[in-house]
Amino acid sequence: MRIHLHALWLSLAAATTFASPTFSADLSITCRCVEGGVNSELAAWVKKSVIPGFTKMKGDGVKVTLTEFAGSDEQLTQQLALDFSTGAGPDVAGFDGFLIPSFVEGGLLKPLDELAGDAVTKWDGWSHITDGAKALMSYQGKAYGLSLGTDVRVIFVRADLLKEAGIDPTTWQPKSWAELLDTARKLKAKKPDSFPLQINAGVPMGEATTMQGYWMALLGTGEQVTDDKGRYIVSSQGILDTLNLYKTVYVDEKLGDQRAQLLGDGRNRTFANFRDGKTAMLLESDWFYRSVTAPGSEFAVENRDQVVTWAKMPAKEPGKGIRGQDFVTISGGTGFVLNPNTDEKELAWELLAFMNSKEQLAEFQKYEPRIRIRDDVEIADAPFLAETSQALMPLTTARPNDAKYNAVSAEVQRMTEAVVSGELSPEDAMSRYRDAVIRIVGEENTVSLL
Amino acid sequence: MKSFSLLSRGTGVAFLAPAGLLVGAFVIAPFFWVIFVSFTNRSLLGRTAVDPDFVGLANYFSLFDAATFFTRGEFGSSLILTIQFVLLSAVVGQAALGMLLAWMLQSVPKSLKHVTETVAIGAWILPEVVIAFAWFAFLDYENGTLNMIMEALGFPPGDWLLSFPFWAIVVFNTWRGTAFSMMLFNSAFASIPPSYFQAADVAGASSWQKFRDIGLPLIRGHVVTDLILITMWSFNVFTPFLLTSGGPSYRTEILPIYTYRIAFRDFDFGKGAAVGVVVMLINLVFALFYLWVMRRRAKGVAA
């Protein structure tokens with residue numbers, strides 16, 4: 001017995017020594033990216049370009065691994081929040097910029113310069129990144145990570161389906177919600193079992209509901225989630241108009257696929273509907289073009305350049321949008337942050353800086369053409385991206401950079417779900433939203449416009 | 001009565017110490033920690049994560065706020081949903097169905113009895129995740145087995161998980177747990193001397209009469225034990241989450257799922273802890289009742 005125990009201890013000791021040689025360092029990256037799955041290009045870039053390049057630069061002692069997280073954005077947020085609060089988690093993590101305020105206030109993120117010191121402040125990359133791009137991953141003037149770039153939201157259009165219904169897709173640009181709905185009705189009349197118009201709603205889609213759906217409609221009423229003093233608007237005509245638009249689309253006229261907004265895998269269903277020609281007009285971010293429908297991916301649309309086009313999201317009526325605009329859109333940005341508890345602070349920063357070096361971002365263009373945050377990286381030859389950003393960047397809006405926004409956004413998702421499922425009337429849903437937001441931010445930080 | 005022991009008191013304490021330390025560290029300490037957190041507005045994100053305020057009973061008041069108590073997605077509605085779920089899936093489903101199966105098994109050939117027992121045990125020992133996934137595939141709208149059967153028989157397909165989510169998790173939990181009740185009742189019936197039934201047969205009693213007058217009265221204690229256990233289990237079961245995620249629109253958000261959402265999706269630890277404390281009190285009532293019944297039975301046997 002005693003001999004056995006000795007053997008056990010010896011082998012355990014041996015195993016632990018070999019598993020962690022003292023002269024090396026391990027780094028881990030996590031992102032919602034899976035080769036052959038979601039954000040496939042990102043995973044491929046990290047695995048085939050970033051990691052080999054970085055280990056070559058640092059020598060054999062450094063080992064970098066990528067964890068390809070296949071769950072939803074919300075699940076990754078949940079994972080990272082719990083990891084960071086317990087001192088665990090990857091050294092470098094894929095992150096949505098809008099979450100930074102709530103994480104920072106919760107003590108779950110540290111500014112880059114506080115983590116890695118001079119190496120950060122002296123990085124030569126900063127001079128090639130605009131303040132706007134920095135702001136995507138900043139809070140109260142401090143950078144917590146580096147963004148991969150910003151995005152805009154448009155209506156993606158199946159030109160072939162519009163043609164079938166006798167509409168000329170090359171000139172189609174609705175100027176009001178009424179025109180948008182009219183087109184949807186025409187398409188529905190042509191194909192009664194199709195769902196021509198999809199505007200995201202509901203809890204399962206998380207922030208995609210708030211961004212692609214709710215904001216895109218709400219901005220068209222001239223309102224935002226907060227007023228210009230930063231107070232959350234809890235009851236207003238704009239909210240009611242937005243909810244009534246949802247009601248028209250999903251409950252009254254069944255112009256959109258209601259099931260896709262209620263089921264857990266709903267967002268993929270909307271992608272599949274668009275790919276299969278069941279949905280002709282889908283409100284999505286340009287990520288939908290860059291990654292979701294990119295050739296070779298699961299939701300790739302055949303002959304994409306001929307079949308898929310886009311239009312701007314109109315305000316409710318011309319000139320009634322935010323700042324008096326005729327058309328509206330909203331932008332966000334995802335990127336990477338450093339784990340505040342990382343054992344390898346300097347090395348983790350070096351990796352993040354390496355990912356955002358001119359060479360690596362230029363390499364990334366080969367996997368996923370996009371407008372990169374560095375001004376010294378050549379703009380890829382992608383007419384779609386050039387056109388959309390040119391047309392929409394001047395019109396765009398950003399979400400409140402506020403620690404409570406995340407929780408309020410969850411209430412927005414609940415409110416839209418209640419309407420889309422037909423459970424509550426827009427008025428009742430809004431009054432429940434009002435109560436919930438008051439509980440989150442306190443009555444003094446809210447305002448009622450009715 | 002003279003007490004004796006194999007070990008000295010000191011040795012006994014030494015043997016108990018490791019277990020005591022573990023229980024203390026992983027059960028007792030978190031228990032008091034949860035109670036403490038339930039009086040704060042501690043969260044995981046935002047300012048109150050690092051600097052929570054003491055809010056007294058505010059979390060409890062918000063759970064029992066009359067204005068929102070019955071709103072779907074709030075504590076009260078979740079509690080009512082859980083009670084319906086337990087009554088239908090545990091009491092009516094598992095216990096009644098288990099009783100029926102166990103009684104029927106008394107009068108079938110041995111071989112058939114063995115096959116039935118094996119199948120039922122199979123349902124009981126499979127990992128919950130596997131079962132939930134199988135049910136998900138069975139109930140799926142587009143490619144589900146159930147809808148294929150419906151269509152083959154000429155019925156319209158149903159959107160089970162969206163249109164009847166509550167019944168889906170009730171059937172799921174019934175299917176999952178019936179085996180336990182069946183096995184328990186089965187062995188309880190086996191403990192009744194066969195001569196009782198033979199005498200009843202001679203007197204010309206029907207199966208129902210035998211069940212009502214001989215079978216049921218003699219296994220009453222087992223029935224109570226079974227009911228308490230499966231009620232507690234169903235009250236705390238989380239697996240329906242794998243089928244419906246508590247949705248759509250909270251229509252299947254039973255208390256364990258509600259607690260999970262508040263604490264680990266909304267990251268509202270304070271309120272989540274308050275829900276945990278209330279659920280624990282409810283469980284305590286079940287447990288005390290169970291102990292009381294057990295003690296009464298033990299006394300009855302002694303007397």
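Residues numbered from 1 in each chain as written. Chains lettered and ligands numbered in written order. Predicted model: local features only at pLDDT ≥ 70, side-chain atom pairs only at ≥ 80, totals over all residues. Heavy atoms only, no water.

*Asks:* What should I look at first to understand the pairing of strand β2 (residues 62-68) of chain A in this one?
*Replies:* Regular strands place their side chains on alternate faces of the sheet. In terms of strand pairing, strand β1 (residues 25-31) of chain A meets β2 of chain A through seven bridges, oriented parallel. Within the sheet, the bridge partner assigned to leucine 27 of chain A lies in β2 of chain A and is valine 64 of chain A. (Pairing = 2+ DSSP bridges. Helix = DSSP H or I, 4+ residues; strand = E, 2+ residues; numbered from the N terminus.)

*Asks:* Teacher, can you tell me more about the sheet that holds strand β13 (residues 327-331) of chain A here?
*Replies:* The strands that make up a sheet pair up through hydrogen bonds in the backbone, lying either parallel or antiparallel. Residues and elements named next belong to chain A. The strand order β12-β13-β15 describes an open sheet built from three strands, whose pairing is mixed. The sheet terminates laterally at β12 (313-314) and β15 (396-398), the two strands that pair on one side only. As judged from the three bridges shared by β13 and β15, these two strands associate in the parallel manner. Residue isoleucine 330 lies in a different strand from β15, and its bridge partner there is threonine 397. Those strands touched by helix α10 (residues 207-218) are β12, β13 and β15, and its axis lies near 145° from that of β13. (Contact = heavy atoms within 4.5 Å. Axes fitted to C-alpha atoms, helices over the stretch in contact; angles between N-to-C directions.)

*Asks:* Explanation requested: the interface of chain B and chain A in the structure shown.
*Replies:* Listed per partner, the contact involves 24 residues of chain B and 22 residues of chain A. Where chain B abuts chain A, roughly 1900 Å² becomes buried across the two surfaces, and 53% of that area is made up of carbon and sulfur atoms. Put simply, chain B and chain A have six salt bridges between them. The shortest N-O distance in the salt bridge between arginine 414 of chain A and aspartate 266 of chain B comes to 3.0 Å. Counting across the chain B and chain A interface gives 11 residue pairs in polar contact (both at pLDDT 80 or more). When residues in the side of chain B that touches chain A are grouped by element, the largest group, four residues, is from helix α13 (residues 255-265) of chain B. Broken down by class, the residue content of the side of chain B that touches chain A amounts to 11 nonpolar, four polar and nine charged. (Buried area = accessible area lost by both parts, 1.4 Å probe. Salt bridge = Lys/Arg side-chain N within 4 Å of Asp/Glu carboxyl O. Polar contact = N/O pair within 3.5 Å; in protein donor to acceptor, adjacent residues only side chain to side chain. Nonpolar A, V, L, I, M, F, W, Y, C, P; charged D, E, K, R; others polar.)

*Asks:* Help me understand the domain arrangement of chain A, please; the structure alone is not making it clear to me.
*Replies:* All names here are of chain A. For chain A, the assigned domains are domain 1 (24-151 + 332-396) and domain 2 (153-331 + 397-448). For domain 1 and domain 2, the distance between their C-alpha centroids amounts to 28 Å. Buried area between domain 1 and domain 2, summed over both chains or domains, comes out near 2500 Å², and the portion from carbon and sulfur atoms is 56%. Counting the surface domain 1 buries against domain 2, the share from its top three residues, Phe98, Phe384 and Thr396, is 27%. Taken together, the connections running from domain 1 to domain 2 amount to three salt bridges. Of the charged contacts, one joins arginine 153 and aspartate 151 as a salt bridge, the two residues approaching to 3.1 Å between their closest N and O atoms. Applying the counting rule to domain 1 against domain 2 returns 11 residue pairs in polar contact (both at pLDDT 80 or more). Where the side of domain 1 that touches domain 2 is concerned, the elements lending two or more residues are α2 (40-58), α3 (73-85), α4 (100-105), β4 (138-139) and α18 (383-392). Ranked by residue count, the leading element in the side of domain 1 that touches domain 2 is α18, at six residues. (Domains from an automatic or database assignment.)

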